[in-house]
Amino acid sequence: MIAFGLDLGGTKIEAAALSSGGAFLARVRVPTPGAYEAGLEAAAEVLAEAERQAGAKAARVGVGGPGSVNPHTGRIRNANSTWLNGRPFPEDLARGLARPVRYANDADCLALSESRDGAAEGRDPVFAVILGTGCGGGLSVGGRLVTGANGIAGEWGHSPLPSPTPEETPGPACWCGRRGCLETWLSGPGLARDDGRGLSAEALAGLAAQGEARALASLERHAGRLARGLAAVVNLLDPAVLVLGGGVGQIPGLAEGLADRIRPHVFSDDWRCEVVRPRFGDSSGVRGAAWLWDR
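Conventions used here
- Residues numbered from 1 in each chain as written.
- Predicted model: local features only at pLDDT ≥ 70, side-chain atom pairs only at ≥ 80, totals over all residues.
- Heavy atoms only, no water.
- Helix = DSSP H or I, 4+ residues; strand = E, 2+ residues; numbered from the N terminus.
- Rg over C-alpha atoms; globule rule 2.2 N^0.38 Å.
- Buried < 20%, exposed > 50% of the residue type's maximum accessible area, 1.4 Å probe, protein only.
- Contact = heavy atoms within 4.5 Å.
- Areas by Shrake-Rupley, 256 points an atom, 1.4 Å probe, with all protein chains shown as cover.
- Pairing = 2+ DSSP bridges.
- Right-handed = clockwise from strand over helix to strand, strands pointing away.
- Expected span 1.5 Å × (residues − 1).
- Phe/Tyr/Trp six-rings, centres within 6.5 Å; stacked < 30°, edge-to-face > 60°.
- Lys NZ or Arg CZ within 6 Å of the ring centre and 35° of its normal.

**Some words on the overall build of the chain**
- Counting secondary structure elements, the chain contains 9 helices and 12 strands.
- On C-alpha atoms alone, the chain measures out to a radius of gyration of 19 Å, which is about the 19 Å that the 2.2 N^0.38 rule sets for 295 residues.
- Counting only C-alpha atoms and orienting by the principal axes, one finds that the chain spans roughly 55 × 40 × 40 Å.
- Within the chain, buried positions represent 53% of all 295 residues.
- At a minimum sequence separation of 6, the contacts of the chain that also span at least 24 residues come to 62%.
- When the accessible surface of the chain is totalled, it reaches about 12700 Å², and 52% of it is carbon and sulfur.

**Examining the environment of Thr11**
- Relative to the helices and strands, Thr11 resides in the loop between strand E1 (3–8) and strand E2 (12–18).
- With relative accessibility at 62%, the residue Thr11 sits in the exposed group.
- The sequence separation of Thr11 and Val30 amounts to 19 residues, and the corresponding C-alpha distance is 8.6 Å.
- For Thr11, the contacting residues outside a window of four places in its chain are Val30, Pro31 and Thr32.

**A word on the pairing of strand E11 (residues 241–245)**
- In terms of burial, E11 is a largely internal element, 5 of the 5 residues being buried.
- Here E11 shows two buried faces, one formed by Val241, Val243 and Gly245 and the other by Leu242 and Leu244.
- One ladder, built from 5 bridges, connects strand E8 (residues 126–131) with E11; its direction is parallel. Within the sheet, the bridge partner assigned to Ala128 lies in E11 and is Val243.
- The parallel pair E11 and strand E12 (residues 274–276), bridged by helix H8 (residues 254–262), forms a crossover whose chirality is right-handed.

**Some remarks on helix H1 (residues 36–54)**
- Between its first and last C-alpha atoms H1 spans 27 Å; for 19 residues at 1.5 Å apiece the expected length is 27 Å, and the two agree.
- Listing the buried residues of H1 in full gives Tyr36, Gly39, Leu40, Ala42, Ala43, Val46, Leu47, Ala50 and Glu51.
- Tucked inside the fold, the buried residues of H1 contact E1, E2, strand E3 (24–31), strand E4 (61–65) and helix H2 (89–97).

**As for the packing of aromatic side chains**
- This model, assessed by the stated rule, comprises 3 aromatic pairs.
- The interplanar angle of 80° and the centroid separation of 6.3 Å between the aromatic rings of Phe127 and Trp156 together place this pair among those described as edge-to-face. Here Phe127, found in strand E8, pairs with Trp156, found in the loop between strand E10 (144–145) and helix H4 (182–186); they are 29 residues apart in sequence, far enough to count as distant. Of the two residues examined, Phe127 and Trp156, each falls in the buried class.
- Each residue in the set Tyr36, Phe89 and Tyr103 is aromatic and connected to the rest through ring pairs, giving one cluster.
- The aromatic ring of Phe24 is capped on one face by Arg27, whose charged end is 5.1 Å from the ring centroid.

Below, the structure is given as structure tokens:
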């Protein structure tokens, strides 16, 4: 059976069709409009093009996106794409498509994809992190998502930075209304703010590779904060694998040195955990969305 998924990102909406073995039969992207009605229309359009390319019609659709669905109201909350918040996006999309829709956080989709046949295949538990425009997390156990009683499991990006220094207190203001959330430190915008030049993670990594002291110091602070944040996850969930996704997560050397940075903060005398990058790169989100009906 062909599986269809939609990935609702901050900059692009992507649709894909996957064979039962996980091969791409279609993959289509358009820019995210950034408005509710236009977003619904764009999602329907890219899905229709993916169906045309795959030569099949989607019986049901999985959608990965920011925030999560309130299981009590059916409305999106906690999305950094704030035009989604308070709106019944899955219900409205299902009505427009005339077929069932299942929605999950994009980091949940990353965890699902990588635990199913990706870099964390056969390992348990798996905690996946997306460091990009925002800062999200998702948990997979036994190849299935753990979303919690209220659908907010994995929202570690809106926990405070552990063990803040005086210079890190009270922390930057977050769009969620709090201060010092991990997202304000670890996301792409957070890294750019800390460096003070508004540079992308890729640009900072390039300067660091040239030996620029300022960029090296910025990335060192970021890696230390990431280690503290993930140590709190490790002490609570003890994952076998940490998957580091998103554009910021691909900074050269970050994944490779992260376990050693986390280790001093872990409550264990012999802690072992693999830190990996996604096997499927930026396609992991839409792959996980396609697998949502099998979760």
